Amino acid sequence: MNEPAIYGLMAEFDSADEIVAAARRTHAAGYRKIDAYSPYPVEELWEAIGFHHNRVALVVLIGGIIGCMTGYGLQYWVANIAYPTNIGGRPFHSWPSFMIVTFELTILFSVLSAVFGMLALNGLPLPYHPVFNVERFSRVTEDKFFLVVFSSDEKYNETETRAFLQSLGPKSIEEVPS
Amino acid sequence: MTQLLEEVETGRKRAPVIEPGHSFSTVTAKISDVVLKRPLSIGWLAGVMFCFGFVNLLLLAVGYLFIKGTGIWGITIPIGWGFAIVNFVWWIGIGHAGTLISAILMLLRQTWRNSINRFAEAMTLFAVACAGLFPLIHTGRPWVAYWMFPYPNTMGVWPQFRSPLIWDVFAVSTYATTSLLFWFVGLIPDLATLRDRATNIWVKRAYGALAMGWRGSARHWSRYETAYLLLAGLATPLVLSVHTVVSFDFAVGIVPGWHTTIFPPYFVAGAIYSGFAMVLMLAIPIRSIYGLKDFITERHLENSAKVMLATGLIVGYGYAMEAFMGWYGGNRYDAFLLWNRLHGPYATWYYSLLICNIFIPQVLWIRKFRTQPVLLFLVSTVVLVGMWLERFIIVVVSLHRDFLNSSWGMYYPTKWDWFTYTGTLGLFLFCMFFFMRILPSISIFEMRTLLPESKVKAE
């Protein structure tokens, strides 16, 4: 493995205000391979690290369209081709009766693509991740906020980046071993 | 701000959504300690064992049913539906409040929902599980129930998609899947919290596996929030469609008392009505036993009671319209149905229904009944009984005397009907007991967002 031994530098903050300000300055300073971690969703935070568009909605739209076509197509095929049955003299292609299953499958496929699409885009499940090597990081699911500059960033330089993070006034700075 | 204005206008102070003095740490600790630190109590064990008795009763009833067939129930012709369908509709209706709280109230930005959505969703799941059991065992041959799904088979037979019963299969299975996923997605960040707080290595690993490596990354949160919002947006029309489809099981048939266009909205309102009653019946003991009164405040009780009052009035309108159309519609069979409800052999049941669902819940107009937990608990019980009676009236009274009086009959539930019904009640509570001790019953990360320090101040 020729991965660097250091995954990045992690700065800890106490409040959402502090980390959003810090993330904005880090992004403004030209760091791009950065990530921020918080105990609850903070909309300003992902904007601050330059993450403006997630593609979840597109995935759900595609899933929904596929579900809709599957639902209607299935019923059309069953009622007209595979197993045509005369029910009270109704036409084989009795589309008003097919609306409900079409609707339900649209919802079902959209929901499945929302959940599994979100997980896949997030790269979850993921059994190992370097940030968990930092002991204090376990507070991220309670009350602390963390900002990480990855060592893969072009501007990353151990001394300079550490000095820069120090200037943001964090509670502590730690190396993240990979 | 709006709350402040309202307080100034009305001159009385409303209970807060979350009691003051909490921080991220105390919210996290208070909710997760119920799962991780609280010792096993005698009360919990006794409750579990009591419910486990009923679970065994259910197993016995279903086991005997599999040996003997549906003849052990009270169903006959003309009343082929009986308890199985009454209980199916009742249970699935209860489930609806969970989705309403988690999805519709989220879209409406009612943040007070954050402290009750988790266990309301769990309630939905268990209620849907109990509901699903009934049509399954009512088919008589549940081991071939998968024939209802479209799959390529050697018989060359396919489902009949013009039938409301097939619509029901799709609606209920989509609803169960969506409820499960919605609930699980909401749990992921809290499972990570439990993972990080657990001290026992095996407990830590179990929650860790379920949390799937959640680390609270801002990018993840961004996608998570979009997905969660979309799920809420998808679950909202879904929940309305599910009880609508359930009502189609009746309304598409030509039986007097079933064949009406008011059924879909009236069923949905009734579902939410009974569901909120169940939410209150669970929330009231949970908040006092597990010391969660800071998070499930009087405000939550009062708001839920108001929803109950509103949906109860819609249900009352439904009854009034049914009676009005029976009288005004000029159809002799509908007119007879009305007469039969008021004076027939099941008249006592109908009057009990009116008392439970329409008259007694009017006490909720009085503020004391909305905020006093014991009184509210009693009203909720009455509503649940009333909504069960409503389904009984709809299923049995409509079927037992229809067009030809030579084919009239009576329905008497047998002990096996009652065993199955009380058995599902036991199963439901059994699952709730375990849920309370295994998973955080209040959404921790959403509670964090309710704290004032969670907001980022504008630059």
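The rules behind these values
- Residues numbered from 1 in each chain as written.
- Chains lettered and ligands numbered in written order.
- Predicted model: local features only at pLDDT ≥ 70, side-chain atom pairs only at ≥ 80, totals over all residues.
- Heavy atoms only, no water.
- Helix = DSSP H or I, 4+ residues; strand = E, 2+ residues; numbered from the N terminus.
- Rg over C-alpha atoms; globule rule 2.2 N^0.38 Å.
- Buried < 20%, exposed > 50% of the residue type's maximum accessible area, 1.4 Å probe, protein only.
- Contact = heavy atoms within 4.5 Å.
- Areas by Shrake-Rupley, 256 points an atom, 1.4 Å probe, with all protein chains shown as cover.
- Lys, Arg positive; Asp, Glu negative; His and termini not counted.
- Charge placed at Lys NZ, Arg CZ, Asp CG, Glu CD.
- Core = buried A, V, L, I, M, F, W, Y, C linked by side-chain atoms within 4.5 Å.
- Domains from an automatic or database assignment.
- Expected span 1.5 Å × (residues − 1).
- Polar contact = N/O pair within 3.5 Å; in protein donor to acceptor, adjacent residues only side chain to side chain.
- Patch = residues over 30% accessible without salt bridge, like charges linked within 9 Å, V, L, I, M, F, W, Y side chains within 5 Å.
- Salt bridge = Lys/Arg side-chain N within 4 Å of Asp/Glu carboxyl O.
- Pairing = 2+ DSSP bridges.
- Axes fitted to C-alpha atoms, helices over the stretch in contact; angles between N-to-C directions.
- Left-handed = near helix turned anticlockwise from the far one by under 90°.
- Nonpolar A, V, L, I, M, F, W, Y, C, P; charged D, E, K, R; others polar.
- Phe/Tyr/Trp six-rings, centres within 6.5 Å; stacked < 30°, edge-to-face > 60°.
- Lys NZ or Arg CZ within 6 Å of the ring centre and 35° of its normal.
- Buried area = accessible area lost by both parts, 1.4 Å probe.

Novice: Mind showing me how you'd approach the overall build of chain A here?
Specialist: Along its length, chain A carries 5 helices and 4 strands. Listing the helices and strands of chain A from first to last along the sequence gives β-α-β-α-α-α-β-α-β. In terms of overall size, chain A is more extended than a compact globule, its C-alpha atoms giving a radius of gyration of 25 Å where 178 residues would be expected to give roughly 16 Å. Expressed along its principal axes, the backbone C-alpha trace of chain A runs to roughly 80 × 40 × 30 Å. Considering chain A as a whole, with its 178 residues, one finds that 46% of them fall into the buried category. Counting contacts in chain A only where the partners sit at least 6 residues apart, residues at least 24 apart contribute 78% of the total. As presented, chain A carries roughly 8500 Å² of accessible surface, and 60% of it is formed by carbon and sulfur atoms. Chain A carries 12 positive and 19 negative side-chain charges, and their two centres are separated by 3 Å.

Novice: Would you mind going over the nonpolar core with me for this structure?
Specialist: A general feature of soluble globular proteins is that nonpolar side chains tend to end up buried together. Formed by 183 residues in total, the largest nonpolar core has its most connected members in Trp 91, Phe 119, Phe 250 and Phe 428 of chain B. Looking at which domains feed residues into this core, each of domain 1 (6–54 + 128–177) and domain 2 (56–121) of chain A gives three or more. Excluding residues within four positions of it along the chain, Phe 428 of chain B makes contact with Trp 91, Met 123, Phe 126, Ala 127, Cys 130, Met 278 and Leu 282 of chain B. Counting 14 residues, the second largest nonpolar core, distinct from the first, contains Val 78 and Leu 105 of chain A together with Ile 166 and Trp 167 of chain B.

Novice: In this structure, what is going on with the environment of Leu 399 of chain B? I would like to understand it.
Specialist: Residue and element names in this part refer to chain B. Within the secondary structure, Leu 399 is located in helix H14 (residues 373–400). Between the C-alpha atoms of Leu 399 and Thr 424, which are 25 residues apart in sequence, the distance is 25 Å. Every residue in contact with Leu 399, bar those within four places of it in the chain, is listed here: Pro 78, Ile 79, Gly 80, Trp 81, Val 255 and Trp 258.

Novice: When you look at helix H3 (residues 56–82) of chain A in this model, what are you seeing that I'm missing?
Specialist: Along an α-helix, residues three or four positions apart point the same way, because every turn accommodates 3.6 residues. If you check H3 of chain A, its first and last C-alpha atoms are 36 Å apart, about what 27 residues at 1.5 Å a residue would give, namely 39 Å. Of all the positions in H3 of chain A, only Val 56, Val 60, Gly 63, Gly 64, Gly 67, Gly 71, Gln 75, Val 78 and Ala 79 of chain A are classed as buried. For H3 of chain A, the elements touching its buried residues are helix H4 (95–121) of chain A together with helix H8 (218–251) of chain B.

Novice: Before we go on, may I ask you to explain the side chain of Thr 297 of chain B in this structure?
Specialist: Topologically, Thr 297 of chain B is positioned in the loop between helix H9 (263–289) and helix H10 (298–328). Look past the residues within four positions of Thr 297 of chain B in its chain and what remains in contact with it is Ala 15, Pro 16, Val 17, Ile 18, Glu 19 and Arg 287 of chain B.

Novice: I would appreciate a short explanation of helix H12 (residues 347–359) of chain B in the present structure.
Specialist: Residue and element names in this part refer to chain B. Between its first and last C-alpha, H12 extends 17 Å over 13 residues, near the 18 Å set by a 1.5 Å rise per residue. Looking at H12, one finds that the buried residues are Ala 347, Tyr 350, Leu 353, Leu 354, Cys 356, Asn 357 and Ile 358. Buried positions along H12 lie against H9, H10, helix H11 (332–343) and H14.

Novice: What am I meant to see in the side chain of Arg 341 of chain B here?
Specialist: Residues and elements named next belong to chain B. On the secondary structure map, Arg 341 appears in helix H11. Here Glu 322 takes part through its side chain, which lies 3.0 Å from a polar atom of the side chain of Arg 341. If we skip the residues at most four places from it in the chain, Arg 341 touches Gly 257, Glu 322, Ala 347, Tyr 350, Ile 393, Val 397 and Ser 398.

Novice: Can you walk me through a nonpolar patch on the surface in this structure?
Specialist: Residue and element names in this part refer to chain A. Residues Leu 58, Leu 61, Ile 62, Ile 65, Ile 66 and Met 69 make up a contiguous nonpolar surface patch of about 580 Å² in total accessible area. Note on placement: Met 69 falls in helix H3. By relative accessible area, which is 57% here, Met 69 ends up exposed.

Novice: Whenever I open this one, the domain arrangement of chain A confuses me. Can you help?
Specialist: It is common to report an interface's size as the accessible area lost on association of the parts. In terms of domain boundaries, chain A breaks down into domain 1 (6–54 + 128–177) and domain 2 (56–121). The C-alpha centroid of domain 2 of chain A is placed 44 Å from the C-alpha centroid of domain 1 of chain A.

Novice: What am I meant to see in the sheet that holds strand E4 (residues 172–177) of chain A here?
Specialist: Residue and element names in this part refer to chain A. Taken in spatial order, the 4 strands make up an open sheet running E2-E3-E1-E4, and their pairing is antiparallel. At either margin of the open sheet sits one strand with a lone partner, and together these are strand E2 (34–37) and E4. Sheet twist, expressed as the mean angle between neighbouring strand axes with direction ignored, is 25°. Relative to strand E3 (residues 145–150), strand E1 (residues 6–13) runs antiparallel, the two being bridged by 6 bridges. Paired with Gly 8 across the bridge in E3 is Phe 150.

Novice: Explanation requested: the packing of H3 of chain A against H4 of chain A in the structure shown.
Specialist: For any two helices packed against each other, one specifies the inter-axial angle together with the distance between the axes. Residues and elements named next belong to chain A. Two elements in contact, H3 and H4, have axes separated by 6 Å at closest approach and are oriented at 145°. For the pair H3 and H4, the sense of crossing is right-handed. Its residues assigned to classes, the contact of H3 with H4 shows 17 nonpolar, 12 polar and no charged.

Novice: What should I look at first to understand unusual backbone geometry in this one?
Specialist: Residues apart from glycine generally show negative phi values, whereas peptide bonds are mostly found in trans. Omega for the peptide link from Leu 124 of chain A to Pro 125 of chain A comes to 0°, which places this bond in the cis form. By secondary structure assignment, the location of Pro 125 of chain A is in the loop between H4 and E3. In this structure, Pro 78 of chain B follows Ile 77 of chain B across a cis peptide bond, with omega equal to 15°. By secondary structure assignment, the location of Pro 78 of chain B is in the loop between helix H3 (42–68) and helix H4 (82–107).

Novice: Would you take a moment to explain the packing of aromatic side chains for this structure?
Specialist: The relative placement of two aromatic rings is captured by the distance of their centres and the angle of their planes. Tallied over the full model, the rule gives 59 aromatic pairs over all chains. Taken together, a centroid distance of 5.2 Å and an interplanar angle of 25° make the contact between Trp 81 of chain B and Trp 258 of chain B stacked. Residue Trp 81 of chain B is located in the loop between H3 and H4, and its partner Trp 258 of chain B is located in the loop between H8 and H9; the two are separated by 177 residues in the primary sequence. You'll find Trp 81 of chain B and Trp 258 of chain B in the same group, each marked buried. Against the face of Tyr 31 of chain A rests Lys 155 of chain A, its NZ or CZ located 4.9 Å from the ring centre.

Novice: What should I look at first to understand the interface of chain A and chain B in this one?
Specialist: Between chain A and chain B, the contact holds 69 residues from the first and 58 residues from the second. Summed over both sides, the interface between chain A and chain B buries roughly 5600 Å², with carbon and sulfur atoms accounting for 68% of that surface. Considering only the side of chain A, the residues that lose the most area to chain B are Tyr 40, Glu 104 and Thr 141 of chain A, jointly responsible for 11% of the buried surface there. Taken together, the links from chain A to chain B amount to 2 salt bridges. Counting the contacts that link chain A with chain B gives 27 residue pairs in polar contact (both at pLDDT 80 or more). Looking at the side of chain A that touches chain B, the elements with two or more residues in it are helix H1 (16–28), E2, helix H2 (43–48), H3 and H4 of chain A. Of the residues contributing to the side of chain A that touches chain B, the split by class is 48 nonpolar, 11 polar and 10 charged.

Novice: What is the right way to look at the pairing of E1 of chain A in this model?
Specialist: The side chains of a regular strand alternate between the sheet's two faces. All names here are of chain A. Within E1, 6 of the 8 residues are buried, leaving the element largely enclosed by the surrounding structure. Pairing analysis gives 6 bridges linking E1 to E4, with the strands arranged antiparallel. Bridging from a neighbouring strand, Leu 9 pairs with Glu 175 of E4.

Novice: Would you take a moment to explain the pairing of E3 of chain A for this structure?
Specialist: All names here are of chain A. Of all 6 residues in E3, 6 are buried, a share of seventy percent or more. Because side chains alternate across E3, one face comprises the buried residues Phe 145, Leu 147 and Val 149, and the other comprises Phe 146, Val 148 and Phe 150, equally buried. Relative to E3, E2 is paired through 4 bridges, and the arrangement is antiparallel. Across the sheet, Ile 34 pairs through a bridge with Val 149, a residue of E3.

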